[in-house]
Amino acid sequence: MSAEIIDGKAIAAGLRATVAAEVETRRVAGAPTPGLATILVGEDPASEVYIGMKRRQCVEVGIADLHRHLPADTPQAEVAAVIAELNADPSVSGILLQLPVPKPLDGGALTELIHPDKDVDGLTAISVGRLWRGDPGLRPCTPSGVMAMLAHHAVPAAGARAVVVGRSDLVGKPLAALLQQANATVTMAHSRTRDLAAVTREADILVAAVGVPGLIGAGHVKPGAVVIDVGMNRLASGLVGDVDFPAVAKVAGLLTPVPGGVGPLTIAMLLSNTLAAATLQAGADASPH
Ligand code: NAP
């Protein structure tokens, strides 16, 4: 068997086109332009690259780029004040604090200050609670991107056995929640899981979000399974995932490459979340108080 390879770039381009069309429809209807306020503290080169990509793609789909760049030595209270100002600003639909923030700032505490209706990364405690309860709210971008991939390929989640390897707040846990809401039977595996291969071989849908290059080999995969590789590991040889791609491609039915798989979906979902945030806020404004 040779797996069909998922084209994350093409799926992301489709999602961006959908967002751009909806932003345009809102503009024609006279609704305010959605705006994304990214906050970068300091000059970390990798963070600057990520923020640059997010801002560029925002503008491309017609979302206002309301970026704030703060010096690395900005005190916690000042970053908090910027977040409070953005929370109160109706032109700001979404707020994203780029993590990690420089020491001694507390990125977790600062993230928690973002209004849940503007929390486009879906990382605040209220967003997490909304996710697990199945209430309307903003979901983390990478897990949403994985779900968008499965939907694009019409992978049936209902009744499927799904195994998520990795249990981070950013990827593994929210993805497990989303898969469970899509009626998959979900197992979460992690560094303490005994006989990982035996667990992952049960999966119809296997997601690796670990950060260990090539952890998932052919022996971890049920023939014909859908294998989604969230891992992004920078080696001297280049960017690789958590899945041994050449070996698993011979066993899986559907497989993501790295790069060009989940990565492009993450920013596309950020744009989609910013639009969703604008809609959420418009609904909140319209609801009786
Ligand atoms: P993380 O916070 O470091 O979590 C890693 C998880 O993997 C933990 O739950 C850990 O288990 C588990 N783990 C570690 N070694 C393991 C092993 N040998 N067997 C089974 N489980 C193991 O990482 P993350 O933030 O979720 O990111 C995971 C990967 O995804 C990274 O490569 C990251 O760069 C990538 N990523 C990609 C995107 C994207 O857009 N494509 C977005 C975010 C992250 P314990 O909980 O027991 O420690």
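Residues numbered from 1 in each chain as written. Predicted model: local features only at pLDDT ≥ 70, side-chain atom pairs only at ≥ 80, totals over all residues. Heavy atoms only, no water.

Novice: Outline the overall build of the chain, supporting the account with residue identities and numerical values.
Specialist: Within the chain one finds 10 helices and 12 strands. Its C-alpha atoms give the chain a radius of gyration of 19 Å, within 12% of the compact-globule value 19 Å for 289 residues. Dimensions of the chain, computed from the C-alpha atoms along their principal axes, are close to 55 × 45 × 30 Å. The burial tally for the chain puts 45% of its 289 residues in the buried class. Put simply, of all contacts in the chain between residues at least 6 apart along the chain, 70% involve residues at least 24 apart. Per element, the accessible surface of the chain, about 13,200 Å² overall, is 59% carbon and sulfur. (Helix = DSSP H or I, 4+ residues; strand = E, 2+ residues; numbered from the N terminus. Rg over C-alpha atoms; globule rule 2.2 N^0.38 Å. Buried < 20%, exposed > 50% of the residue type's maximum accessible area, 1.4 Å probe, protein only. Contact = heavy atoms within 4.5 Å. Areas by Shrake-Rupley, 256 points an atom, 1.4 Å probe, with all protein chains shown as cover.)

Novice: Requested: an account of the sheet that holds strand β6 (residues 161-165), with residues and values cited.
Specialist: A sheet is described by the order of its strands in space; here 6 strands give the open sequence β1-β12-β9-β8-β6-β7, paired in parallel fashion. The two strands at the open ends of the sheet, each matched to only one other strand, are β1 (4-5) and β7 (185-189). Where strand β8 (residues 205-208) lies against strand β9 (residues 226-229), 4 bridges are found, and the strand directions are parallel. Of the residues in β9, the one forming a bridge with L206 is V227. Sheet contacts for helix α6 (residues 141-152): β8 and β9; angle to β9, the most-contacted strand, approximately 150°. Contacting β6, β7 and β8, helix α7 (residues 172-181) runs over the sheet at an angle of about 170° to β7. (Pairing = 2+ DSSP bridges. Axes fitted to C-alpha atoms, helices over the stretch in contact; angles between N-to-C directions.)

Novice: Outline the side chain of K118, listing residues and values.
Specialist: As for its placement among the helices and strands, K118 is situated in the loop between α4 (107-112) and α5 (125-133). Although K118 lies buried, it forms no salt bridge, and the closest oppositely charged side chain, D89, sits 6.1 Å away as judged by the N-O distance. There is a polar contact of 2.8 Å between the side chain of K118 and the backbone oxygen of V92. Not counting the four nearest positions on each side in its chain, K118 is found in contact with L86, N87, A88, D89, V92, S93, G94, I95, L138 and Q281. (Lys, Arg positive; Asp, Glu negative; His and termini not counted. Salt bridge = Lys/Arg side-chain N within 4 Å of Asp/Glu carboxyl O. Polar contact = N/O pair within 3.5 Å; in protein donor to acceptor, adjacent residues only side chain to side chain.)

Novice: Would you mind going over α7 in detail, with residue names and values included?
Specialist: Extensive coverage of α7 is indicated by the burial of 7 of its 10 residues. What α7 keeps buried is the set G172, P174, L175, A176, A177, L178 and L179. Looking at the buried residues of α7, the elements they touch are α5, α6, β6, β7 and β8. Just past α7, the residue N183 takes up positive phi, approximately 75°.

Novice: So what about the site of the ligand? Which residues, and what values?
Specialist: As a matter of local geometry, the ligand sits amid 21 residues, with R167, S168, S191, M232 and T266 nearest to it. Note that an oxygen atom of the ligand is positioned 2.5 Å from one of the side-chain N or O atoms of S191. Between the ligand and T266 there is a distance of 2.8 Å, counted from an oxygen atom to a side-chain nitrogen or oxygen. If the ligand stood free it would expose 930 Å²; the protein chains cover 69% of that surface. If one sorts the elements of the shell around the ligand by residue count, helix α10 (residues 262-286) sits on top with 3 residues. Of the residues in the shell around the ligand, the class split is 10 nonpolar, 10 polar and 1 charged. (Near = heavy atom within 4 Å. Nonpolar A, V, L, I, M, F, W, Y, C, P; charged D, E, K, R; others polar.)

Novice: A description of the side chain of S127 should follow, citing residues and the corresponding values.
Specialist: Looking at the element boundaries, S127 is found in helix α5. Ignoring any residue separated from it by four or fewer positions in sequence, one finds S127 in contact with P116, D119, G122 and L138.

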